[in-house]
Amino acid sequence: MKFFQITVTEIEGKPNEILAKVYRQNNMERAASFVDKGEITMEDRLGEGKCTECGNTEWDVKPFTYNDYMNGGNGKPNIECRNCGYITHL
Ligand SMILES: [Zn+2]
């Protein structure tokens, strides 16, 4: 039996740099290139970055899992509010 624990580290950078990094980590190079060109911005994706349920502005980027594939995941990086657990995507 094996268990794995995911370590949380802050993703540094300005909002659009973070968005491009997260897209690249999810093998979304095309979307990342749109961010680089200013055609997609963090503000487009997440407004002021506030959770619609509780107003928190800190998010965990969820790993894309096997279950996401099996459940027809949209391929977009899911994010979870660190305060209330609300899940949306970038
Ligand atoms: Zn929340």
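It should be noted that the structure appears before, not after, this text.
Residues numbered from 1 in each chain as written. Predicted model: local features only at pLDDT ≥ 70, side-chain atom pairs only at ≥ 80, totals over all residues. Heavy atoms only, no water.

Caption draft 1: The overall build of the chain, seen in detail. In terms of helices and strands, the chain carries four helices and three strands. Each helix (α) and strand (β) of the chain, taken in turn from the N terminus, gives the series α-α-α-β-α-β-β. For the chain, the residues scored as buried account for 24% of the 90 residues in total. Sequence separation of at least 24 residues holds for 39% of the intrachain contacts in the chain that already meet a minimum separation of 6. Total accessible area on the chain stands at roughly 6900 Å², and carbon and sulfur atoms take up 47% of it. (Helix = DSSP H or I, 4+ residues; strand = E, 2+ residues; numbered from the N terminus. Buried < 20%, exposed > 50% of the residue type's maximum accessible area, 1.4 Å probe, protein only. Contact = heavy atoms within 4.5 Å. Areas by Shrake-Rupley, 256 points an atom, 1.4 Å probe, with all protein chains shown as cover.)

Caption draft 2: Structural detail: the pattern of salt bridges. For the structure shown, the criterion picks out five salt bridges. Ionic pairing is found between Arg24 and Asp36, a salt bridge with its closest N-O pair at 2.6 Å. Here Arg24, found in helix H1 (residues 15-25), pairs with Asp36, found in helix H2 (residues 29-36); they are twelve residues apart in sequence, far enough to count as distant. Between Lys62 and Glu80 there is a salt bridge, and its shortest N-O distance comes to 2.8 Å. Placement of the pair is Lys62 in the loop between strand S1 (59-61) and helix H4 (66-70) and Glu80 in strand S2 (residues 78-81), with a sequence separation of 18 residues. Note on Lys62: relative accessible area 31%, which makes it partly exposed. What you see here is one network of salt bridges that share partners, running through Arg24, Glu29 and Asp36. (Salt bridge = Lys/Arg side-chain N within 4 Å of Asp/Glu carboxyl O.)

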